[in-house]
Amino acid sequence: MTDVLLRGGLPWGLGSPADILVSDGLIQQVGPGLAAPGAQVADVTGQLVLPGLVEAHCHLDKTLYGGPWVPHSADDTLAGRIGNDLGRRAELGVPDPGRIAALLGRMSAAGTTHVRTHTDIDPRVGLRGVEAVREAAARVPVEVSQVAFPQHGLLTNPGTAELLEEALKSGVEAVGGLDPAGIDRDPVRSLDVIFGLAERYGARVDIHLHDGGTLGGWELELIIERTRALGLGGRVAVSHAYALGQLDEAHQGRLVEGLAEAGVALVTAAVYSFPVPPVKRLRAAGVTLACGHDGIRDLWGPYGSGDMLERAMHVAYRSTFRRDDDIELALHAATYGGARLLGLDGYGLAPGDRADLVVLPCGGPAEAVVVHPARTLVMKDGVVLHN
Ligand SMILES: [Zn+2]
């Protein structure tokens, strides 16, 4: 593998220009004026260098990306969207490894190096989504981990729990859930199944929680209690957690402390007008916060570009951030926050870290989020992919 020297970039957080020398897939040295005879040199003078972007919540298996535009015709209700999804999947050939690979290719070109995707598991689709995602992921240099996701209910859709177990047996990394109260109508039993599977298979947990207000707050408490009781801190996440953005400050504060203490992470997508969790408060308390697109160009909605810097902009915008240091929190969610959620080792910009890097024509992180310009260079495991 050829050594690569990135000359004169601005590594995020370093505060001054530095060269980065990469060999054997790792960052070897970071500093000014490095000598590297024989190395491939990329002059990135004055350009921002970030670690690889992390897409922490998407639904690759559902995507229509890369094909012709499919007019979105679902009724604007949850039932309408579910009906549209179930009714048109077969007609449109979803899941399709070709479209999933096209989307992963777009993500990679935009600097994403790691993806967590929630893959539908139910008696109709079985494990076909899991297999399609695996097939696509093998074609693109992005690391993809899957969450076995009961999109149409776990307790309310007989046969789903058994299929989740099959998915975990086949090597899927995490078990998901969906509104243990609002969808499954029995949060205690729903969480029994999810956490039981996590314990049995050593899987991580990532639960979609749309239930709002005090109901959603109570479910967060239940998840915090389970995580503590089973010693699963650092391995459990809640996606969306709209309730947290709706509760009064005191109630929100107690939950944020509980999440921090138990080691439960949050993932936000900041889509449409749904409530966004309190980003600054979560970071101040030490809660891991990651972000992702949720659906990208699928039967649930037509939006999403696959660019995690654009997604970080939505998180910052929806959080009413204007100051650079605030906007930088959204970038943190799209990088270090996602890496912590996934438990990545050797993630960052220090010697010894894996050489997963993105270079942008920007002077700083807030500009990268707001402008999200075309990437100058993307590197995965020391290999320049896009330049
Ligand atoms: Zn989702």
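Please read all numbers here as calculations on a predicted model, not as lab measurements.

Chemist: When you look at the overall build of the protein chain in this model, what are you seeing that I'm missing?
Modeler: Each helix and strand counted, the protein chain has 11 helices and 16 strands in total. Relative to the globule expectation of 21 Å for 387 residues, the C-alpha radius of gyration of the protein chain, 21 Å, shows essentially globular dimensions. By residue count, 59% of the 387 residues in the protein chain fall in the buried class. In the protein chain, of all internal contacts separated by at least 6 residues, the share reaching a separation of at least 24 is 75%. Total accessible area computed for the protein chain in this model is approximately 14,800 Å², and 51% of it derives from carbon and sulfur atoms. Treating the 33 positive side-chain charges of the protein chain as one cloud and the 47 negative ones as another, the clouds have centres 2 Å apart.

Chemist: Looking at this structure, how should I read the side chain of Q146?
Modeler: Looking at the secondary structure, you find Q146 in strand β8 (residues 143–149). Leaving out residues up to four positions away in the same chain, Q146 has contacts with T117, T119, G129, V130, V133, R134, V172, E173 and A174.

Chemist: Can you help me understand unusual backbone geometry in this one?
Modeler: Cis peptide bonds are those with omega within 30 degrees of zero, and the linkage from V94 to P95 qualifies with 5°. For P95, the position within the fold is in the loop between α1 (78–92) and α2 (97–109). If you check the backbone angles, D179 has positive phi at about 40° while not being a glycine. With respect to the helices and strands, the residue D179 is situated in the loop between β9 (174–178) and α5 (187–201). The class of D179 is buried, set by a relative accessible area of 6%. Within the chain, H372 stands out as a residue other than glycine whose phi angle is a positive 30°. Checked against the element boundaries, H372 lands in the loop between α11 (365–371) and β15 (377–380).

Chemist: Explain the coordination of the zinc ion here, please?
Modeler: A metal bound by six donors in octahedral fashion has ideal angles of 90 or 180 degrees, whereas one bound by four tetrahedral donors has an ideal angle of 109.5 degrees. Only H57 (NE2), H59 (NE2), H208 (NE2) and D294 (OD) from the protein coordinate the zinc ion, and they sit 2.1 to 2.2 Å from it. Around the zinc ion sit four donor atoms, and with donor-metal-donor angles ranging over 87 to 168° the site reads as irregular. Mapping the donors of the zinc ion onto the primary sequence yields the spacing H-x1-H-x148-H-x85-D. Here H59, found in the loop between β6 (53–58) and α1, pairs with D294, found in the loop between β13 (289–291) and α9 (308–318); they are 235 residues apart in sequence, far enough to count as distant. With relative accessibility at 5%, the residue H59 sits in the buried group.

Chemist: I keep staring at the environment of R283 and nothing clicks. Help me out?
Modeler: Checked against the element boundaries, R283 lands in helix α8 (residues 279–285). Residues R283 and Y317, 34 residues apart in the sequence, show an inter-C-alpha distance of 17 Å. For R283, the residues in contact, after removing those within four places along its chain, are L329 and H332.

The rules behind these values
Residues numbered from 1 in each chain as written. Predicted model: local features only at pLDDT ≥ 70, side-chain atom pairs only at ≥ 80, totals over all residues. Heavy atoms only, no water. Helix = DSSP H or I, 4+ residues; strand = E, 2+ residues; numbered from the N terminus. Rg over C-alpha atoms; globule rule 2.2 N^0.38 Å. Buried < 20%, exposed > 50% of the residue type's maximum accessible area, 1.4 Å probe, protein only. Contact = heavy atoms within 4.5 Å. Areas by Shrake-Rupley, 256 points an atom, 1.4 Å probe, with all protein chains shown as cover. Lys, Arg positive; Asp, Glu negative; His and termini not counted. Charge placed at Lys NZ, Arg CZ, Asp CG, Glu CD. Donors = N, O, S within 2.8 Å, 3.2 Å for Na, K, Ca; no water. Tetrahedral: all angles 85-135°; square planar, octahedral: opposite > 155°, others 65-115°.

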